[in-house]
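Here is how the chains run, residue by residue.
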Amino acid sequence: MLQTSSEPAAPRALDGLVIHAPALPNIPWQPRPAGLDDLVWRYSENPVIGRRPLPRVTGIYNSAVVPFADGFIGVFRTEGMDRIPHLHVGRSPDGLKWTFEPKPIDLVSDDDEISRFEYAYDPRVTLIGEDYYVTWCNGYHGPTIGVARTRDFVHFEQLENAFLPYNRNGVLFPRKIGGKFAMLSRPSDTGHTPFGDIFYSESPDMEHWGRHRHVMGKGWPWFQGTKIGAGPSPIETSEGWLLFYHAVTQTCNGFVYSMSAALLDRDEPWRVTARCNQALLCPEAPYELTGFVPGVCFPVGCLCDGATGRIAIYYGAADTFSALCFCNAADVIAFVKANST
Ligand code: BMA
């Protein structure tokens, strides 16, 4: 059943912090382990999606989850033996145990030029009004940002690609800003892109995008020295938009992907008001270090309980598994502000 309540819930206070998101009492959650003082901690039963989750699918990772009806639904990146990535719908009663549609999502468009398929990966799902928008890295003469709209996760209408190639990590804000749809993205190249900053763009109609603004770049310190990219849709709070992002450094063995966070101005989100000077999650668990691409924590999906500030983040681990970690909005925001570059 379609979850129709899409308006931001009445703001709720948490130690003075207000989160503009509905209450989510069934959010998957574990308290921080005793003795750990990290801001972000892993689910003890990780990975939530292990190897071979579907016949001839080698892994599901870098995938997006949203509340839906009494449970959760999501758009998942699968990869088969040919390693071409596809998008599949998955469903879960609790956000932990998942079942997946065996067939990829059927993206429908009147224009064959739009719906012709090369590859599709790293989906984000954002509820705006009553529509769920999927944005993903869409192959169109190189990677760019594909956009589709659904209300029931059965019928998906594919819209125009948002940008020219080459671009990745297109992430929508969950409401219009200044009367326009708003999206973060990361211009890139055709390969594994040894650079990358986050930009902001706006659109009156989810088709024509412009007024591009630089938000933040790769840079100091080293954990984000190579490139950065937006993770899940930003969470609106009284302290600004809380953005989790992936931060990449280069080592003698290749890239290492960690997760960090920043705060963006609520009305002009290209203005960064605080940016954490360190990673909040670094690859260290076995499932983050052993897989198709070792050393990758890639945040993509996020659930937030507006009543408590509890946050559950779904992240791809080693381009092989889906894992889950937790944090508290008030704690993360206080830490980012106190440890800002
Ligand atoms: C990026 C994307 C992600 C992937 C990451 C690490 O360029 O392809 O999907 O998780 O590299 O391999």
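Residues numbered from 1 in each chain as written. Predicted model: local features only at pLDDT ≥ 70, side-chain atom pairs only at ≥ 80, totals over all residues. Heavy atoms only, no water.

**Q** Looking at this structure, how should I read the overall build of the protein?
**A** Helix and strand content of the protein: three helices and 24 strands. In terms of overall size, the protein behaves like a compact globule, its C-alpha atoms giving a radius of gyration of 18 Å where 341 residues would be expected to give roughly 20 Å. By principal-axis analysis of the C-alpha atoms, the protein measures approximately 50 × 45 × 40 Å. With 341 residues in all, the protein has 57% of them scored as buried. For the protein, long-range pairs separated by at least 24 residues make up 53% of all intrachain contacts whose partners lie at least 6 apart in sequence. As presented, the protein carries roughly 14,000 Å² of accessible surface, and 53% of it is formed by carbon and sulfur atoms. (Helix = DSSP H or I, 4+ residues; strand = E, 2+ residues; numbered from the N terminus. Rg over C-alpha atoms; globule rule 2.2 N^0.38 Å. Buried < 20%, exposed > 50% of the residue type's maximum accessible area, 1.4 Å probe, protein only. Contact = heavy atoms within 4.5 Å. Areas by Shrake-Rupley, 256 points an atom, 1.4 Å probe, with all protein chains shown as cover.)

**Q** Can you help me understand the sheet that holds strand 12 (residues 156–158) in this one?
**A** Sheets are built from strands paired through backbone hydrogen bonds, the pairs being either parallel or antiparallel. Read across the open sheet, the five strands follow the order 8-12-11-10-9; overall the sheet is mixed. Strands with a single pairing partner mark the edges of an open sheet, and in this sheet they are strand 8 (107–108) and strand 9 (120–128). In this sheet, strand 12 lies alongside strand 8 in parallel orientation, the contact comprising two bridges. Bridging across to strand 12, V108 finds its partner in E157. (Pairing = 2+ DSSP bridges.)

**Q** Just to check I follow, could you spell out the side chain of R168 for this structure?
**A** Relative to the elements of secondary structure, R168 occurs in strand 13 (residues 167–172). As a buried residue without a salt bridge, R168 has its nearest oppositely charged side chain in D189, at a separation of 4.2 Å. Here the side chain of R168 touches Y121 through a polar contact of 2.8 Å, side chain to side chain. Of note is the side chain of R168, whose polar atom sits 2.8 Å from the backbone oxygen of G191. Sequence-distant contacts of R168, that is, excluding residues within four places in its chain, are made with Y121, C137, P143, I145, S185, R186, S188, D189, T190, G191 and T193. (Lys, Arg positive; Asp, Glu negative; His and termini not counted. Salt bridge = Lys/Arg side-chain N within 4 Å of Asp/Glu carboxyl O. Polar contact = N/O pair within 3.5 Å; in protein donor to acceptor, adjacent residues only side chain to side chain.)

**Q** I'm lost on helix 3 (residues 329–338) in this one. Help?
**A** It helps to recall that an α-helix has 3.6 residues per turn; residues three or four apart then point in one direction. Considered for burial, the residues of helix 3 that qualify are A329, V332, I333 and V336. Summarising the axial view, the buried residues of helix 3 lie within an arc of 95°, below the 170-degree limit, and thus occupy one face. (Arc of directions from axis to C-beta.)

**Q** Which parts of the structure should I look at to understand the packing of aromatic side chains?
**A** Note on aromatic pairs: each is described by the distance of the centres and the angle between the planes. Per the counting criterion, the structure on display carries 18 aromatic pairs. Each ring, one from Y257 and one from F298, has its centre 5.8 Å from the other, and the planes form 45°; the classification is tilted. Remark: F298 occurs in strand 22 (residues 297–304) and Y257 occurs in strand 20 (residues 254–264); sequence separation between them is 41 residues. An aromatic cluster is present here, built from W29, W41, Y43 and F326 joined pairwise through their rings. In this structure, R83 packs its charged tip against the face of F292, placed 3.4 Å from the ring centre. Between K176 and the ring centre of F181, over which it is positioned, the NZ or CZ distance is 4.7 Å. (Phe/Tyr/Trp six-rings, centres within 6.5 Å; stacked < 30°, edge-to-face > 60°. Lys NZ or Arg CZ within 6 Å of the ring centre and 35° of its normal.)

**Q** Explanation requested: the environment of G80 in the structure shown.
**A** The topology assignment puts G80 in strand 5 (residues 71–80). Distance in space between the C-alpha atoms of G80 and L54 is 9.1 Å, their sequence separation being 26 residues. Those residues in contact with G80 that sit more than four places away from it in its chain are R56, V57 and T58.

**Q** Got a minute to help me understand the nonpolar core in this structure?
**A** Nonpolar side chains in soluble globular proteins generally cluster together in the buried interior. By size, the foremost hydrophobic cluster in this structure holds 33 residues, and its most contacted members are L242, F244, I311 and V332. Those elements giving two or more residues to this core turn out to be strand 2 (17–19), strand 19 (240–251), strand 20, strand 22, strand 23 (310–317), strand 24 (321–328) and helix 3. Not counting chain neighbours up to four residues away, the residues in contact with I311 comprise I27, W29, I235, L242, F244, C302, L303, C304, C325, F326, C327 and A329. (Core = buried A, V, L, I, M, F, W, Y, C linked by side-chain atoms within 4.5 Å.)

**Q** Is there a simple way to think about the site of the ligand in this case?
**A** Contacts to the ligand come from N62, R77, Y121, D122, Y257, V293, V296, F298 and D319. In this structure, an oxygen atom belonging to the ligand sits 2.7 Å away from a side-chain N or O atom of R77. Here an oxygen atom of the ligand sits 2.7 Å away from a polar atom, N or O, in the side chain of D122. Coverage of the ligand by the protein amounts to 88% of the 310 Å² it exposes when considered alone. Residue composition of the shell around the ligand, grouped by class: five nonpolar, one polar and three charged. (Near = heavy atom within 4 Å. Nonpolar A, V, L, I, M, F, W, Y, C, P; charged D, E, K, R; others polar.)

**Q** Can you help me understand the sheet that holds strand 7 (residues 99–100) in this one?
**A** Strand order in the open sheet formed by four strands is 4-5-6-7, with antiparallel pairing between adjacent strands. Edge positions in the open sheet fall to strand 4 (57–68) and strand 7, since each of these has one partner strand only. Direction of pairing for strand 5 relative to strand 6 (residues 85–92): antiparallel, over a ladder of eight bridges. Opposite V75, over in strand 6, you have V89 as the bridge partner.

**Q** Sorry if this is basic, but what is going on with the pattern of salt bridges here?
**A** It is possible for side chains bearing opposite charge to pair when their charged atoms get close. This model, assessed by the stated rule, comprises 18 salt bridges. In this structure, K97 engages D94 in a salt bridge whose closest nitrogen and oxygen atoms are separated by 2.4 Å. Two residues, R149 and E157, come together in a salt bridge whose shortest N-O distance is 3.1 Å. You can call R149 partly exposed: its relative accessible area is 24%.

**Q** How should I be thinking about the state of the cysteines in this particular structure?
**A** Two cysteines whose sulfur atoms are joined by a covalent bond form what is called a disulfide. Across all of its chains, the model carries zero disulfides by this definition. We note that C327 lacks a disulfide partner, and the nearest cysteine sulfur, in C325, lies 6.5 Å from it. (Disulfide = S-S within 2.5 Å.)

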